[in-house]
Amino acid sequence: MDTAPLKIVFYPHPALRHQSKPIKRVDADLKRIIREMFTLMYEANGIGLAANQVNLPFRLFVINLAAVPDEGEELVFLNPVLSKPKGSEEYEEGCLSLPQLYAPVLRPKQVMVQAYNLRGEEISTSLDGMLARVVQHEYDHLEGVLFTDRVKASALDEVQPALDSFTSEFDRLRQQGEIPSDEQIAQRLQQWEQKYC
Ligand code: ZN
């Protein structure tokens, strides 16, 4: 089992396209992973981070709209399910796996989320505003979907050059041996799945 410190992976890392599996158990190691996810999210000035973004195949994401520790509320969503989308609103989004790239994304304004928190309690609540948007963005990650997939065709011309440069950088790092092969990445994800899913 690869227990190296977690790192945020960048587009087009294959873990970002992985369809995550439900978590069947929570242990001390998984709690430590979740703590590490919050730390990485704060270091990157983010407000949400999904397991895929740290190269893990779990249906799990963390959010703190305040983006800093000791402020706001730290929210952990395990095995989230979304339902009852209502309305629609366009708003600019960014993503820690696509640094410095921002584009407007149309999403439902309100959504219902059911999930479990770290204490194993069921959360079932209707969301709107920023939290509704962030939860939907993070949920997409668990399905292997990125916000750039939802950018409308007319805005894609502005986004594509940034995506191309992320891809060249990824290819460069891989040629240098700093990123494992697709097979190695898939194998690692499978090992984590066998442990928790
Ligand atoms: Zn994201």
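For the structure, see preceding data.
As a starting point, this report considers the structure included with it. What you see is a predicted model, and the numbers here were worked out from it, not measured in a lab. (Residues numbered from 1 in each chain as written. Predicted model: local features only at pLDDT ≥ 70, side-chain atom pairs only at ≥ 80, totals over all residues. Heavy atoms only, no water.)

**Quick word on the overall build of the protein**
Along the protein, the regular secondary structure elements total 4 helices and 7 strands. Starting at the N terminus and walking to the C terminus, you meet the elements of the protein as α-β-β-β-β-β-β-β-α-α-α. A compact globule built from 197 residues should have a C-alpha radius of gyration of about 16 Å, and the protein, at 16 Å, falls within 12% of that. Overall, the C-alpha framework of the protein stretches about 45 × 45 × 30 Å when taken along its three principal axes. Among the 197 residues that make up the protein, the fraction classed as buried is 43%. Of the contacts made within the protein by residues no fewer than 6 positions apart, 65% connect residues no fewer than 24 positions apart. Carbon and sulfur atoms make up 50% of the accessible area of the protein, which totals about 10,300 Å². Separation between the mean location of the 21 positive side-chain charges and that of the 29 negative ones in the protein comes to 6 Å. (Helix = DSSP H or I, 4+ residues; strand = E, 2+ residues; numbered from the N terminus. Rg over C-alpha atoms; globule rule 2.2 N^0.38 Å. Buried < 20%, exposed > 50% of the residue type's maximum accessible area, 1.4 Å probe, protein only. Contact = heavy atoms within 4.5 Å. Areas by Shrake-Rupley, 256 points an atom, 1.4 Å probe, with all protein chains shown as cover. Lys, Arg positive; Asp, Glu negative; His and termini not counted. Charge placed at Lys NZ, Arg CZ, Asp CG, Glu CD.)

**Quick word on the pairing of strand β2 (residues 60–63)**
If a strand is regular, its side chains alternate between the two faces of the sheet. Residues Leu 60 and Val 62 point to one face of β2 and Phe 61 and Ile 63 to the other, with burial holding for every one of them. Bridge count between strand β1 (residues 48–50) and β2: 3 bridges; the pairing is antiparallel. Opposite Ala 50, over in β2, you have Phe 61 as the bridge partner. Summarising the sheet, β2 and strand β3 (residues 75–86) pair through 4 bridges and their orientation is antiparallel. Paired with Leu 60 across the bridge in β3 is Leu 78. (Pairing = 2+ DSSP bridges.)

**Focus: the side chain of Glu 138**
Tracing the chain through its elements places Glu 138 in helix α2 (residues 129–142). It is Arg 107 that comes nearest to the buried, bridge-free Glu 138 among opposite-charge side chains, at 8.4 Å. For Glu 138, the residues in contact, after removing those within four places along its chain, are Gly 48, Leu 49, Ala 50, Gln 53, Phe 61 and Ile 63. (Salt bridge = Lys/Arg side-chain N within 4 Å of Asp/Glu carboxyl O.)

**Quick look at the pairing of strand β5 (residues 98–107)**
The sheet contact formed by strand β4 (residues 89–95) and β5 spans 6 bridges and is antiparallel. Among the inter-strand pairings, Glu 89 is bridged to a residue of β5, identified as Arg 107. Counting the residues in the hairpin turn of β4 and β5 gives 2 residues.

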